[in-house]
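Coordinates in review
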Amino acid sequence: KQHNNKAVVSTQSTGSTSFSVESILLRIYRLKMQLFHALLLCCLAILVSAKYDPAKCEVCTTFLSKFRKTLDGLDKSIQSDHTKIEAELRKACKTKQPKDERF
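These numbers come from a predicted model, not from an experiment.

Conventions and cut-offs
- Residues numbered from 1 in each chain as written.
- Predicted model: local features only at pLDDT ≥ 70, side-chain atom pairs only at ≥ 80, totals over all residues.
- Heavy atoms only, no water.
- Helix = DSSP H or I, 4+ residues; strand = E, 2+ residues; numbered from the N terminus.
- Buried < 20%, exposed > 50% of the residue type's maximum accessible area, 1.4 Å probe, protein only.
- Contact = heavy atoms within 4.5 Å.
- Areas by Shrake-Rupley, 256 points an atom, 1.4 Å probe, with all protein chains shown as cover.
- Expected span 1.5 Å × (residues − 1).
- Arc of directions from axis to C-beta.
- Polar contact = N/O pair within 3.5 Å; in protein donor to acceptor, adjacent residues only side chain to side chain.
- Salt bridge = Lys/Arg side-chain N within 4 Å of Asp/Glu carboxyl O.
- pLDDT = per-residue confidence, 0-100.
- Axes fitted to C-alpha atoms, helices over the stretch in contact; angles between N-to-C directions.
- Parallel < 35°, antiparallel > 145°, perpendicular 65-115°, else oblique.
- Left-handed = near helix turned anticlockwise from the far one by under 90°.
- Nonpolar A, V, L, I, M, F, W, Y, C, P; charged D, E, K, R; others polar.

1. Things to note about the overall build of the chain
Check the secondary structure of the chain and you find four helices and three strands. Start at the N end of the chain and walk to the C end: the helices and strands fall as β-β-β-α-α-α-α. Every one of the 103 residues in the chain was classed for burial, and the buried ones make up 9%. For the chain, restricting intrachain contacts to residue pairs at least 6 apart in sequence, the fraction spanning at least 24 positions comes to 34%. Summed over its atoms, the accessible surface of the chain is roughly 9,300 Å², and 61% of this surface lies on carbon and sulfur atoms.

Given below as structure tokens:
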């Protein structure tokens, strides 16, 4: 049938059910959004459940703690500039100790 320039699907057997194409597309869109939100919620739950374990980060934490102490002795202009900090970190990585090699 055509009703107000919209495609309408109706069933002759019941006579009372009619859906416009727009309402069907809206239902499909809502279903997709619900699925997307459920997937997003599951990913968030997985990320939250991954706990920080300091034992797994011992090498990195130690290395970065040593690096932070070296920054304290430098000029304040270096401490406030991210590019200079990155350059200092690259220098520190090049002169790493064998025990810090896993970093």
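2. Details of helix α2 (residues 58-72)
Given a rise of 1.5 Å per residue, 15 residues ought to cover 21 Å, and the 21 Å separating the end C-alpha atoms of α2 matches this to within 8%. Turning to α2, its buried residues number three or more, namely V59, F63, F67 and L71. What you see down the axis of α2 is that its buried residues fit within an arc of 105 degrees, all on one side. Opposite its buried face, α2 presents the exposed residues E58 and K69, each directed more than 90 degrees away. Among the structural elements, α3 (76-79) and α4 (82-94) are those in contact with the buried residues of α2.

3. Focus on the side chain of E88
Here E88 lies in helix α4. Polar side-chain contacts of E88 include one of 3.2 Å to the side chain of K91. In this structure, E88 is in contact with F67, L71, L74 and I78, ignoring residues within four places of it in sequence.

4. Some remarks on the pattern of salt bridges
When charged atoms on two side chains of opposite charge get close, those side chains can pair. One pass over the structure, following the stated rule, counts two salt bridges. One salt bridge connects R90 with E86, and the closest N-O pair in it is separated by 2.9 Å. Pair noted here: R90 and E86 are both in helix α4, with a separation of four residues, about one helical turn. Taking relative accessible area as the criterion, R90 reaches 55% and is therefore assigned exposed. Take E86: its relative accessible area is 41%, and that puts it in the partly exposed class. A salt bridge links E88 to K91; its shortest N-O distance comes to 3.2 Å. Residue E88 and its partner K91 are both found in helix α4; the two are separated by three residues, about one turn of the helix.

5. Here we look at the confidence of the model for the chain
The predicted model of the chain averages 75 in pLDDT, with 74% of residues at 70 or higher. Across the chain, the secondary-structure element scoring lowest on mean pLDDT is strand β1 (residues 2-3), at 47, and the one scoring highest is helix α1 (residues 21-49), at 90.

6. Concerning the packing of α2 against α4
Two elements in contact, α2 and α4, have axes whose closest approach is 11 Å; the angle formed by their N-to-C orientations is 125 degrees. Looking at the two axes, α2 sits oblique to α4. Here α2 runs over α4; the crossing is right-handed. From α2, F63, L64, F67 and L71 reach across to α4, where they touch I85, E88, L89, A92 and C93. Here the contact of α2 with α4 is built from residues that sort into eight nonpolar, no polar and one charged.

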